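Commentary on secondary and tertiary structure
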Amino acid sequence: MNDHITPIVIVGARGRMGKVLIREVIASDNYVLLGAVDRSGGPGIGQDAGRLAGTVEVGVLVEDELMPRRSAVVVDFSLPQATEANIRRCRDAGAPLILGTTGLEASTRAMLAEAAREIPIVSDANFSVGITLLARLAALAARALGDSWDAEIIEIHHKHKRDAPSGTALRLAKSVAKATGRNLADVIRTDRSGTAAEPRSDGEIGIAAIRGGDSVGEHQLLFLADGERLELGHRAHDRAIFARGALRAARWAEGRAPGLYDMADVLGLGAL
Ligand code: NAD
């Protein structure tokens, strides 16, 4: 790492991820906290961001309006309802955007692609290095095994998570589908309830979402065949892994050409 310091603005500052991001920025010499934003009218507005995150005072007050500047990277882990306004503001200011929010609507994803013609955007449903590699391994395995092996995904998350299946499970399913020439929308199956339900059809990719407790995130990808089963999996023990990945992406995005990137780009994995 060089000794350049990357200025960061965090959106969703009062959230589970926002607080971890603030702590990681404060703890590192590579970043400086320039701004922290959360929902208008919510608690925490006007408080010191460091104190809010349970660490030292940093002299940055949590604001209720995102006002990006070209010189700082915006790291947004908030809610999908906030994403479109945040994309617009980053684009207008010329500020790079690291977007961790999941559960985005198709219209929001289209806006993201449009804005990425003008600013660098790194968007990923999972900023952990382990999951980024798991998605790559999933594609390699699926390509080698072909679609005669049944691919199924199990994901477990804490009881507060709103979207299901998780963005990461969808991404793993997409990796498998793409590697075997299938269109995920045609083969995804997220519900097998009902007494008259059809048995599993060939080529289907099933996802089971489990919610409970404080699980930070577990993903298990099973390839099932007659007589054997391959299992690939990842367990997140600490939210800090997503924050560290997102901050690594922020450093990578600084000064980069406009484009829509993901964590595989940040890790230099290249196209498969
Ligand atoms: P959370 O509910 O704890 O926090 C969300 C925060 O966003 C809250 O403080 C809320 O007040 C704030 N917020 C809501 N509307 C806002 C607005 N208009 N402007 C600014 N802030 C606003 O949620 P969380 O667990 O911190 O997760 C946040 C998002 O990040 C979710 O979409 C989650 O799925 C996603 N996530 C992504 C990754 C990844 O690696 N990509 C990892 C973990 C979580």
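Residues numbered from 1 in each chain as written. Predicted model: local features only at pLDDT ≥ 70, side-chain atom pairs only at ≥ 80, totals over all residues. Heavy atoms only, no water.

1. Digging into the pattern of salt bridges
One pass over the structure, following the stated rule, counts 16 salt bridges. Salt-bridge contacts for Glu-84 lead to Arg-88; the nearest nitrogen and oxygen are separated by 4.0 Å. In this pair, Glu-84 and Arg-88 are both assigned in helix α3 (residues 80-93), four residues apart and thus about one turn of the helix distant. A salt bridge links Arg-192 to Glu-204; its shortest N-O distance comes to 2.8 Å. Taken together, the positions of Arg-192 in the loop between β8 (188-189) and β9 (205-211) and Glu-204 in the loop between β8 and β9 put the pair 12 residues apart, joining distant regions of the chain. (Salt bridge = Lys/Arg side-chain N within 4 Å of Asp/Glu carboxyl O. Helix = DSSP H or I, 4+ residues; strand = E, 2+ residues; numbered from the N terminus.)

2. Overview of the sheet that holds strand β11 (residues 228-235)
With mixed pairing, the five strands of this open sheet are ordered in space as β8-β9-β7-β10-β11. Across the chains shown, the open sheet's two edge strands, defined by having one partner strand only, are β8 and β11. Note that strand β10 (residues 218-225) and β11 share eight bridges and pair antiparallel. For Glu-218, the partnering residue across the bridge sits in β11 and is Arg-235. The sheet strands contacting helix α6 (residues 167-179) are β7 (150-157), β8, β9 and β10, and the helix crosses β9 at an angle near 165°. (Pairing = 2+ DSSP bridges. Contact = heavy atoms within 4.5 Å. Axes fitted to C-alpha atoms, helices over the stretch in contact; angles between N-to-C directions.)

3. Concerning the sheet that holds strand β3 (residues 62-63)
Read from one edge to the other, the open sheet built from seven strands follows the order β3-β2-β1-β4-β5-β6-β12, with strand pairing classed as parallel. Two strands close off the open sheet at either side, each with one partner strand: β3 and β12 (259-261). Here strand β1 (residues 6-11) runs beside strand β2 (residues 31-37); their pairing, made up of six bridges, is parallel. Note that in β2 the partner of Ile-8 across the bridge is Leu-33. Across the sheet, helix α1 (residues 16-27) is in contact with β1, β2 and β4 (73-76); its angle to β1 comes to roughly 165°. Sitting on the sheet, α3 touches β1, β4 and β5 (97-99), and the angle it makes with β5 is about 160°.

4. Side note on a positive patch on the surface
On the surface, Arg-109, Arg-143, Lys-174 and Lys-178 cluster together into a positively charged patch. The residue Arg-143 is located in helix α5 (residues 129-145) in this model. (Patch = residues over 30% accessible without salt bridge, like charges linked within 9 Å, V, L, I, M, F, W, Y side chains within 5 Å. Areas by Shrake-Rupley, 256 points an atom, 1.4 Å probe, with all protein chains shown as cover. Lys, Arg positive; Asp, Glu negative; His and termini not counted. Charge placed at Lys NZ, Arg CZ, Asp CG, Glu CD.)

5. Considerations on the side chain of Ser-175
Tracing the backbone shows Ser-175 in helix α6. Sequence-distant contacts of Ser-175, that is, excluding residues within four places in its chain, are made with Ala-135, Ala-138 and Ala-139.

6. Brief notes about the packing of aromatic side chains
A full pass over the atoms with the stated rule returns two aromatic pairs. Relative to Phe-127, the ring of Phe-77 has its centre 5.9 Å away and its plane inclined at 50°; by these criteria the two rings are tilted. Of the two residues, Phe-77 is situated in the loop between β4 and α3 and Phe-127 in the loop between β6 (120-123) and α5; the sequence distance between them amounts to 50 residues. Phe-127 sits in the buried class, given a relative accessible area of 2%. (Phe/Tyr/Trp six-rings, centres within 6.5 Å; stacked < 30°, edge-to-face > 60°. Buried < 20%, exposed > 50% of the residue type's maximum accessible area, 1.4 Å probe, protein only.)

7. Topic: the site of the ligand
The local shell around the ligand holds 21 residues, among which Arg-16, Met-17, Asp-38, Thr-102 and Phe-127 are the closest. Contact distances for the ligand include 3.1 Å between a nitrogen atom and a backbone N or O atom of Gly-100. Within the side chain of Thr-102, one N or O atom sits 2.6 Å away from an oxygen atom of the ligand. In the complex, the protein chains occlude 84% of the 850 Å² of accessible area that the ligand would expose alone. Its residues placed into classes, the shell around the ligand shows eight nonpolar, seven polar and six charged. (Near = heavy atom within 4 Å. Polar contact = N/O pair within 3.5 Å; in protein donor to acceptor, adjacent residues only side chain to side chain. Nonpolar A, V, L, I, M, F, W, Y, C, P; charged D, E, K, R; others polar.)

8. Points about the side chain of Asp-38
Tracing the chain through its elements places Asp-38 in the loop between β2 and α2 (49-52). Beyond its immediate sequence surroundings of up to four residues, Asp-38 is in contact with Gly-12, Ala-13, Arg-14, Gly-15, Ile-45, Val-62, Glu-63 and Asp-64.

9. A look at the packing of α1 against helix α8 (residues 240-253)
In the contact formed by α1 and α8, the axes pass within 9 Å of each other and the chain directions differ by 60°. With respect to their mutual orientation, α1 and α8 come out oblique. In terms of crossing hand, the pair formed by α1 and α8 is right-handed. Every residue of α8 that contacts α1 at Met-17, Val-20, Leu-21, Glu-24 and Val-25 is listed here: Ala-240, Phe-242, Ala-243, Arg-244, Ala-246 and Leu-247. Classifying every residue of the contact of α1 with α8 by side-chain character gives nine nonpolar, no polar and two charged. (Parallel < 35°, antiparallel > 145°, perpendicular 65-115°, else oblique. Left-handed = near helix turned anticlockwise from the far one by under 90°.)

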